[in-house]
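Notes for the structure review
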Amino acid sequence: MSLSRDSLTPGALVLGAGGNVGFGVVGALLEAGSPVLAVGREGPRMSALAEHFEDEPGLDLLHAPCIHDDRDAARLAEQVRDRGRPLRAVFASMGTPLQSGRLLDRPASFLLEKLEADLIPHLAAARHLLPLLAEGQHTANYVLIGGPYAERGWSGYGHASVTGAAMRMLAQVLHEEAQALGVRVQLLSVDKPVCTPENAVNACAEWPNALAVGRSAVSLLTRTDKRSQSIVTWTAKDAQPPERTVACDFEETLFAVAGAKRNGRASA
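Residues numbered from 1 in each chain as written. Predicted model: local features only at pLDDT ≥ 70, side-chain atom pairs only at ≥ 80, totals over all residues. Heavy atoms only, no water.

1. As for the sheet that holds strand β3 (residues 59-63)
Our working definition: Paired strands are those between which DSSP finds at least two bridges. Each helix is a run of H or I in the DSSP string that is no shorter than four residues. Each strand is a run of E no shorter than two, and both are numbered from the N terminus. A fitted line through C-alpha atoms serves as each axis, taken over the contacting stretch for helices, and the angle formed by two N-to-C directions is quoted from 0 to 180°. Should any heavy atoms of two residues lie within 4.5 Å, those residues are counted as being in contact.
In space, the seven strands of this open sheet follow the order β3-β2-β1-β4-β5-β6-β7, with parallel pairing throughout. The open sheet terminates on both sides in strands that have one partner only, identified here as β3 and β7 (231-233). With strand direction ignored, the average angle separating the axes of adjacent strands in the sheet is 20°. Pairing of strand β4 (residues 87-92) with strand β5 (residues 140-146), which is carried by four bridges, proceeds in the parallel orientation. Among the inter-strand pairings, V90 is bridged to a residue of β5, identified as Y142. Strands in contact with helix α3 (residues 44-52) are β2 (36-40) and β3; relative to β3, the strand with the most contacts, it is inclined by about 170°.

2. Describing the packing of aromatic side chains
By convention here, two paired aromatic rings are described through the distance between centres and the angle between planes. Rule in force here: Pairing of aromatic rings covers Phe, Tyr and Trp, the last counted by its six-membered ring, and requires centre-to-centre distances within 6.5 Å; plane angles under 30 degrees mean stacked, over 60 mean edge-to-face, and any other angle means tilted. Each residue's exposure class comes from its accessible area (1.4 Å probe, protein chains only) as a fraction of the maximum for that residue type: buried when under 20%, exposed when over 50%, partly exposed otherwise. The rule for a charge over a ring is simple: NZ of Lys or CZ of Arg within 6 Å of the ring centre, and within 35 degrees of the ring normal.
Throughout the structure, instances matching the rule amount to three aromatic pairs. Judged by centre distance (4.7 Å) and plane angle (25°), the rings of Y149 and W154 are stacked. Owing to a relative accessible area of 17%, W154 belongs among the buried residues under this scheme. An angle of 35° between the planes, with centres 4.7 Å apart, marks the rings of W154 and Y157 as tilted. Through a chain of ring-to-ring contacts, the aromatic side chains of Y149, W154 and Y157 assemble into a single cluster. Between R106 and the ring centre of F110, over which it is positioned, the NZ or CZ distance is 4.2 Å.

This is the structure we're talking about:
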């Protein structure tokens with residue numbers, strides 16, 4: 001069966017779309033006019049995502065279990081391939097909730113569990129989605145989103161610093177190895193906690209919100225000055241509303257998919 005022009009337009013996949021940062025990435029991509037495949041566990045968060053963006057024809061949801069290992073990632077890659085739309089970018093925002101407490105007060109198995117939950121899924125996802133990105137006839141991007149205090153110890157959250165540091169090294173290794181596939185891998189390092197509905201009461205003024213992080217992540221698709229960097233630190237200046245679509249060579253189709261007029265695109 002032949003595919004329509006819309007279905008041939010490369011889109012972006014967001015892993016962990018039901019999370020706070022994933023929500024922001026989805027919003028930033030739609031704001032930029034990109035078709036989005038939001039992947040997350042079926043539940044209240046994905047339902048809220050669908051409801052919030054119910055007027056966005058460029059959004060497609062894929063309910064899938066959390067990625068734990070290669071088998072889960074391979075299953076997801078096959079589901080994405082079966083949908084028939086080529087990918088231009090993958091954004092990975094996955095992780096477990098923070099738990100406060102000193103590492104010295106916990107058994108060694110606690111850190112192992114955190115590495116297995118917050119690092120290994122990223123490697124498994126990259127192993128199976130990078131080849132999928134490489135199948136396209138265009139420049140492809142794989143963007144990891146990392147949390148704060150990966151370069152120094154975070155008091156009371158030492159496990160997050162250890163897993164964050166490991167994520168930085170993973171990003172550098174993947175950046176190097178993925179070049180042969182024609183895919184650019186980068187880590188957006190968000191060096192401050194993200195303001196969420198859960199922590200808004202105690203949030204500091206300089207903490208970014210999820211949409212700001214999403215806009216910064218999306219900006220990596222077009223910022224030529226950042227292309228050679230494996231790790232890009234979040235800055236507020238990169239979080240401005242987009243001035244053009246993320247795929248200008250598919251500009252007309254992207255606007256059609258998003259159901260927006262060129263001069264009347266609303267910003268979140």
